[in-house]
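Here's the letter readout for the chains.
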Amino acid sequence: MVERGKVQRVDEQGRPVTAVAMMSGGLDSRLAARIVLEQGVKVVAFNYQTCFFPGVAAEEADSEVAQACRALGVPLHVVDDDEAFIEMLKSPRYGFGRHMNPCIDCRIRQFRLAKEYMESIGGHFLVTGEVLGQRPMSQRRGAMRLIDRKAEVEGLVLRPLSAKRLSPTVAEEKGLVDRTKLYGISGRSRKKQIELAAQFGITDYPAAAGGCLLTYEGSARKVRDLVEHKPEAAVRDFRLLRVGRHYRLPGGGMAIVGRDEGENARLLGLAAEGDVIYDREDTVGPIVLLCDATAPEDEALAAALCVSHSKLGGAASGTVRYYMKGNEADAQRVEVTPLERAVLDKLRV
């Protein structure tokens with residue numbers, strides 16, 4: 001869709017000039033899309049999703065990216081890449097950033113998929129909200145060149161916010177966009193982006209954040225633990241990392257404790273065959289999901305974790321119900337005492 005009131009740009013064959021804008025929902029990607037819309041370019045948004053991106057699914061109406069696309073008046077295409085991303089995460093060619101964030105490999109993957117989509121709809125070029133020097137791993141000049149080359153998108157990626165500090169792209173050289181109307185922003189300050197947002201009337205945008213959970217130490221620690229103890233971990237295992245408190249038990253099992261009603265429901269929804277579910281049944285308390293347990297010691301500790309995170313009202317112990325996923329009718333009950341704080345801290349991932 002073209003910005004209202006703007007004349008649609010066409011290429012040498014008379015086709016509408018179409019850009020695929022890589023859209024996260026943050027301010028920079030919104031600005032990048034708006035800048036090319038202002039030039040009469042048709043924009044289609046492309047959103048790349050994995051289980052490590054926070055918030056609600058991009059397809060949901062109240063997600064940041066869906067809200068951004070509605071405000072811009074552009075259609076949204078979402079790609080869920082969990083399986084391929086997880087395999088890459090286990091051994092990224094270009095390594096990790098400060099934590100478990102394989103930013104360069106991830107960006108190469110995103111660009112490859114965005115290019116495939118662009119070609120499938122007859123698009124002309126890609127647009128990103130990247131700002132030169134804003135992120136230390138993937139937005140350095142050398143890293144951008146490496147990513148473009150390995151993704152086979154050299155000359156196809158227009159970065160409107162920093163374009164005047166970068167070499168002209170094919171879109172600029174062919175006159176599909178006017179380089180003089182692009183920007184030369186660089187560095188980590190967001191002052192110029194905020195000023196641009198005000199000029200465009202963009203007011204409802206999220207605060208700047210890392211976005212990917214792999215850039216945070218807490219999430220990275222859980223990923224390292226999972227890969228170490230379960231190299232064959234699949235998508236569900238990684239999705240569980242986003243829910244609850246995680247405890248690595250002596251026998252190798254993982255106990256996950258729900259922190260509220262919503263997390264309890266998510267744990268039940270993610271439970272798989274072979275998992276053991278623990279609850280307090282007749283009183284308020286957490287759901288505990290025990291995965292990959294083979295030792296009786298782990299099962300006893302999972303029950304104790306359920307009580308440890310419950311209110312006992314002065315009692316020295318509490319009753320826990322437990323059952324295998326799918327066999328709630330065969331549930332058993334056990335009376336257990338809570339664990340000492342030192343033990344909880346030792347087991348916590």
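Computed from a prediction, not measured in an experiment: that's the story for all the values here. (Residues numbered from 1 in each chain as written. Predicted model: local features only at pLDDT ≥ 70, side-chain atom pairs only at ≥ 80, totals over all residues. Heavy atoms only, no water.)

So, about the side chain of Arg107. When you line up the elements, Arg107 lands in helix H4 (residues 103–120). You can call Arg107 buried: its relative accessible area is 15%. Sequence-distant contacts of Arg107, defined by excluding residues within four places in its chain, comprise Met22, Thr128, Glu130 and Ile147. (Helix = DSSP H or I, 4+ residues; strand = E, 2+ residues; numbered from the N terminus. Buried < 20%, exposed > 50% of the residue type's maximum accessible area, 1.4 Å probe, protein only. Contact = heavy atoms within 4.5 Å.)

So, on to the pattern of salt bridges. Summed over all chains, the structure comprises 22 salt bridges. For Lys230, the salt bridge goes to Asp237, with nearest N and O atoms at 2.9 Å. Judged by relative accessible area, Lys230 falls into the buried class, the value being 14%. The closest approach of N and O atoms between Asp275 and Arg236, which form a salt bridge, is 2.6 Å. Of this pair, Asp275 sits in the loop between helix H10 (261–270) and strand E8 (276–279) while Arg236 sits in helix H9 (residues 235–240), and the two are 39 residues apart along the sequence. Asp275 gets classed as buried once you look at its relative accessible area, which sits at 3%. Taken together, the salt bridges that share partners define one network made up of Lys230, Arg236, Asp237, Asp275 and Asp292. (Salt bridge = Lys/Arg side-chain N within 4 Å of Asp/Glu carboxyl O.)

Taken together, the buried positions of helix H7 (residues 191–200) are Gln193, Leu196, Ala197 and Phe200. The arc enclosing the buried residues of H7, seen along the axis, measures out at 105°, which places them on a common side. Of the exposed residues in H7, the ones pointing more than 90 degrees away from its buried face are Lys191, Ala198 and Gln199. Lining the buried residues of H7 we find helix H1 (27–37). Gly201 occupies a position one or two residues after H7 and carries a positive phi of about 75°. (Arc of directions from axis to C-beta.)

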